[in-house]
Amino acid sequence: MSDRSGIFAGEDPFAIARAWLAEAEKAEPNDPNAIALATVDETGLPNSRMVLLKEIEDSAFVFYTNYESAKAQELDQAGKAAFVMHWKSLRRQIRVRGSIMREDGPQADEYYRSRSLKSRLGAWASKQSQPLESRGALMAEVAKVTAAKGPNPPRPPFWGGYRLTPVEIEFWADGAFRLHDRFRWRRKEGTAEWEILRLNP
């Protein structure tokens, strides 16, 4: 559109998202890649939690989790999800909705190997979302896993990634007098052409 310029300029929404994240990495004090991930359970009841976005690919967004967690069960069941990434320092946010697929191959292995040893062992030790007797019980499990898996543990079979392929991306920036700038990119499926609209604040 004629007035889509400045921080909204460009024909590739993933490139715009990467540029905004790069700016946030210089401005946000903690976790600029944090996203509020929304799912629904088998009854349709919404759920949300903060996770860390690990990659913005050319056509999708990737994050990682325990496949036995509540979020993973909801992602697998629905096959769809949404997230919002908000930066107070920039007064901007990105909203994304789309389909979900597991990333359970070499890319997940590579990311797992890039994590600190304590994080890799923690992935083995935590039965994510399940009841926990005490912090001490968790630390005892970490010690047990450390002894069993050694200094180079493999990626757990119950831990890996998810790739969200969007059908909708909205870029939002704060405007004077609460007259915010909003541009929505929408398509019918993951490979279709984008329709771009400016939205009322």
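So, a few notes on the structure that sits alongside this text. (Residues numbered from 1 in each chain as written. Predicted model: local features only at pLDDT ≥ 70, side-chain atom pairs only at ≥ 80, totals over all residues. Heavy atoms only, no water.)

### What to know about the pattern of salt bridges
Taken as a whole and judged by the stated rule, the model has 15 salt bridges. Across the pair E170 and R95 runs a salt bridge whose closest N-O atoms are separated by 2.9 Å. Highlighted residues: E170 in strand β6 (residues 159–173) and R95 in strand β5 (residues 92–103), separated in sequence by 75 residues. Residue class for R95 comes out partly exposed when judged on its relative accessible area of 36%. (Salt bridge = Lys/Arg side-chain N within 4 Å of Asp/Glu carboxyl O. Helix = DSSP H or I, 4+ residues; strand = E, 2+ residues; numbered from the N terminus. Buried < 20%, exposed > 50% of the residue type's maximum accessible area, 1.4 Å probe, protein only.)

### Comments concerning unusual backbone geometry
With phi around 55 degrees, R91 is a residue other than glycine that occupies positive phi space. Take R91: it is sitting in the loop between β4 (80–87) and β5. For R91, a relative accessible area of 53% gives the class exposed. The phi dihedral of S129 is positive, around 75 degrees, even though this residue is not glycine. Structurally, S129 can be placed in the loop between α4 (117–125) and α5 (135–149).

### Comments concerning helix α1 (residues 13–27)
Helix length check: α1 (15 residues) gives 21 Å between terminal C-alpha atoms against 21 Å at 1.5 Å per residue, within 8%. Every buried residue of α1 is listed here: P13, F14, I16, A17, W20, L21 and A24. All buried residues of α1 fall inside an arc of 155 degrees around its axis, so they share one side. Of the exposed residues in α1, those oriented more than 90 degrees away from the buried face are E25 and K26. Looking at the packing, one finds that the buried side of α1 touches β2 (46–56), β3 (61–66), β4, β5, β6 and β7 (181–186). Of the residues flanking the start of α1, the one acting as N-cap is D12, its side-chain oxygen 2.9 Å from the backbone nitrogen of F14. (Expected span 1.5 Å × (residues − 1). Arc of directions from axis to C-beta. Contact = heavy atoms within 4.5 Å. Polar contact = N/O pair within 3.5 Å; in protein donor to acceptor, adjacent residues only side chain to side chain.)

### Describing the nonpolar core
Side chains of nonpolar character tend, in soluble globular proteins, to be buried together. Counting residues in each nonpolar core, the largest one holds 33 residues, and the members touching the most others are F61, F83, W87, I94, I169 and F171. Examining the composition of this core, we find that six residues originate from one element, α1, more than from any other. Residues in contact with W87, not counting those within four places in the same chain, are W20, L21, A24, E28, P32, R92 and I94. Formed by twelve residues, the second largest nonpolar core is a distinct cluster that contains Y64, Y111, L121 and A123. (Core = buried A, V, L, I, M, F, W, Y, C linked by side-chain atoms within 4.5 Å.)

### A few points about the pairing of β5
Looking down a regular strand, the side chains alternate between one sheet face and the other. Two elements, β4 and β5, share eight bridges in a ladder whose sense is antiparallel. Within β5, the position partnered with A82 by the bridge is R97. Examined bridge by bridge, β5 and β6 share twelve bridges and lie antiparallel to one another. Paired with M101 across the strands is R163, a residue of β6. (Pairing = 2+ DSSP bridges.)

### Quick word on the packing of α4 against α5
Running from N to C, α4 and α5 cross one another at 110 degrees; their axes reach a closest spacing of 9 Å. Of the possible angle classes, the one that applies to α4 and α5 is roughly perpendicular. Along this stretch, α4 crosses α5, giving a crossing that reads as right-handed. Across from L121, W124 and A125 in α4, the residues of α5 making contact are L138, E141, V142, V145, T146 and K149. Tallied by class, the residues present in the contact of α4 with α5 amount to six nonpolar, one polar and two charged. (Axes fitted to C-alpha atoms, helices over the stretch in contact; angles between N-to-C directions. Parallel < 35°, antiparallel > 145°, perpendicular 65-115°, else oblique. Left-handed = near helix turned anticlockwise from the far one by under 90°. Nonpolar A, V, L, I, M, F, W, Y, C, P; charged D, E, K, R; others polar.)

### A closer look at the side chain of N33
Along the chain, the position of N33 falls in the loop between α1 and β1 (34–40). For N33, a relative accessible area of 14% translates into the label buried. At 2.7 Å, the side chain of N33 forms a polar contact with the backbone oxygen of L53.

### Some remarks on the pairing of β1
Two strands pair when backbone bridges link them, and β1 and β2 are joined in this way by seven bridges, in the antiparallel orientation. Looking at the pairing, A36 lines up with M50 of β2. Pairing analysis gives three bridges linking β1 to β4, with the strands arranged antiparallel. Following the sheet pairing, A36 is matched in β4 by V84.

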